[in-house]
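Structural overview for review
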Amino acid sequence: MIGTVEVVEDASGLAERAAEIVARASFHALTHRDRFRIALAGGGTPRAAYERLAAEPRRSRVDWSRWDVFFGDERCVGPEDEASNDRMAREALLDRVPIPPGRIHRIRGEAGPDEAARLYEETLRAAFPRRTWPRLNLVLLGLGEDGHTASLFPGAPALAETDRWVVGTRSPKPPPHRVTLTLPVLERAHRIVFLVCGAGKAEALRRIRAGEDLPASRLRPVEGALLWLVDRAAWSDGG
Ligand code: 6PG
């Protein structure tokens, strides 16, 4: 299993630890850079961590004015749809902290997978000009029960993408059409943190620990650090 593993007691401990990791990553990045550029994870797990990040004392400690917020993936739904990752992040974090509006870069999933991917690649290339690949400071990722991460699902052609930064994909679980950052982008982040919580993820983690070729286990950090932040139920040695 690539990377380091930190096991926390439960969902609350994972949310607290994840919030602290993000806050400290921003402090570290902003000691020698003018901006902190993060890609948020979607799904349900990160919500509690985002809420803790937006609460005191972190709300006052973090220099939100120097953040650039991106998304690891998005569902092809409208921004007010309950399935929208952007909506979840806004409710839990982005509407609660003073990040300058122009510095939150949502994926316009409502445009459909291919057009949204094209637009988002333009957004990323504008944010990382003259780059062969963008180097985000921090990428947060979840893990699906089938071993997917972001919207890179098992068997997806997107897993073999080596040129584009953002692609449209299909998901076996609804919503079916998605947009996702590609592996080369995800694995070039300075820090990659998987947030894995609950017994439902134990089998996927067991398969990754056993060396199975799943989307999440394909990430090979390029000059960065990868951390699996997992709770005890997901890390259960029963697999
Ligand atoms: C998404 C996420 C996806 C998610 C996993 C885990 O858009 O759904 O990018 O990769 O992180 O499916 O989801 P939960 O945190 O809800 O278990």
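Quick note: structure is the one above.
Not measured: the values here are computed from a predicted model. (Residues numbered from 1 in each chain as written. Predicted model: local features only at pLDDT ≥ 70, side-chain atom pairs only at ≥ 80, totals over all residues. Heavy atoms only, no water.)

Describing the overall build of the chain
Within the chain one finds seven helices and nine strands. A globule of 239 residues ought to have a C-alpha radius of gyration of about 18 Å, and the chain, at 16 Å, matches this closely. With the principal axes as the frame, the chain shows a C-alpha extent of 45 × 40 × 35 Å. Within the chain, the proportion of its 239 residues that are buried is 53%. In the chain, the proportion of contacts linking residues at least 24 apart, taken out of those at least 6 apart, comes to 77%. (Helix = DSSP H or I, 4+ residues; strand = E, 2+ residues; numbered from the N terminus. Rg over C-alpha atoms; globule rule 2.2 N^0.38 Å. Buried < 20%, exposed > 50% of the residue type's maximum accessible area, 1.4 Å probe, protein only. Contact = heavy atoms within 4.5 Å.)

Brief notes about the packing of helix H1 (residues 11-32) against helix H2 (residues 46-54)
Between H1 and H2, the shortest axis-to-axis distance is 8 Å and the interhelical angle comes to 55°. In terms of orientation, H1 lies oblique with respect to H2. Considering how the two elements wind past one another, H1 and H2 form a crossing that is right-handed. On H2, the residues touching Ser12, Ala15, Glu16, Ala18, Ala19, Val22 and Ala23 of H1 are Ala48, Ala49, Arg52 and Leu53. Split by residue class, the contact of H1 with H2 holds eight nonpolar, one polar and two charged. (Axes fitted to C-alpha atoms, helices over the stretch in contact; angles between N-to-C directions. Parallel < 35°, antiparallel > 145°, perpendicular 65-115°, else oblique. Left-handed = near helix turned anticlockwise from the far one by under 90°. Nonpolar A, V, L, I, M, F, W, Y, C, P; charged D, E, K, R; others polar.)

A word on the site of the ligand
With respect to spatial proximity, 15 residues lie near the ligand, and among them Thr45, Arg75, His148, Ala150 and Lys201 are the closest. One nitrogen or oxygen atom from the side chain of Arg75 is found 2.7 Å from an oxygen atom belonging to the ligand. Between Asn85 and the ligand, the recorded distance is 2.9 Å, taken from a side-chain N or O atom to an oxygen atom. For the ligand, whose unbound accessible area comes to 420 Å², protein coverage reaches 88%. A class-by-class count of the residues in the shell around the ligand yields two nonpolar, eight polar and five charged. (Near = heavy atom within 4 Å. Polar contact = N/O pair within 3.5 Å; in protein donor to acceptor, adjacent residues only side chain to side chain. Areas by Shrake-Rupley, 256 points an atom, 1.4 Å probe, with all protein chains shown as cover.)

Looking at the sheet that holds strand S8 (residues 191-196)
Here we have six strands laid out as an open sheet, ordered S1-S9-S8-S5-S2-S3, and parallel in their pairing. The sheet is open, and its two borders are formed by strand S1 (4-8) and strand S3 (67-71), each paired with just one other strand. Pairwise comparison of adjacent strand axes, ignoring direction, gives a mean angle of 20° for this sheet. By the bridge criterion, five bridges tie strand S2 (residues 36-40) to S3 in an arrangement that is parallel. Across the sheet, residue Arg37 finds its bridge partner in S3, namely Asp68. Sheet strands touched by H1: S1, S2, S3, strand S5 (138-142), S8 and strand S9 (225-231). Its angle to S9, the strand with the most contacts, is close to 160°. Where helix H4 (residues 85-94) meets the sheet, its contacts fall on S2 and S3, and the angle it forms with S3 comes to roughly 145°. (Pairing = 2+ DSSP bridges.)

Describing the pattern of salt bridges
One pass over the structure, following the stated rule, counts 24 salt bridges. Across the pair Arg24 and Glu20 runs a salt bridge, and its minimum N-O distance is 2.7 Å. With Arg24 and Glu20 both in helix H1 and four residues apart, the pair spans about one turn of that helix. Between Arg106 and Asp86 there is a salt bridge, and its shortest N-O distance comes to 3.3 Å. On the criterion of sequence distance, the pair formed by Arg106 in the loop between H4 and helix H5 (113-127) and Asp86 in helix H4 is long-range, its members being 20 residues apart. For Arg106, a relative accessible area of 25% translates into the label partly exposed. Where salt bridges share partners, they join Glu16, Glu20, Arg24, Arg52, Arg58 and Arg61 into one cluster. (Salt bridge = Lys/Arg side-chain N within 4 Å of Asp/Glu carboxyl O.)

Details of the packing of H2 against H4
One can describe the packing of H2 onto H4 by two numbers: an axis separation of 8 Å at closest approach and a directional angle of 35°. Judged by residue contacts, Arg47, Tyr50, Glu51, Leu53 and Ala54 of H2 engage Met88, Ala89, Glu91, Ala92 and Leu93 from H4. For the contact of H2 with H4, a count of residues per class yields seven nonpolar, no polar and three charged.

What about the nonpolar core?
Membership of the largest hydrophobic core comes to 79 residues, with the highest contact counts inside it found for Trp67 and Trp228. The element best represented in this core is H1, accounting for ten residues. When neighbours within four sequence positions are excluded, Trp67 is seen to be in contact with Val22, Ser26, Phe36, Ile38, Leu53, Val62, Ile99 and Arg103. (Core = buried A, V, L, I, M, F, W, Y, C linked by side-chain atoms within 4.5 Å.)

The values are spatial; any link to function lies outside them.
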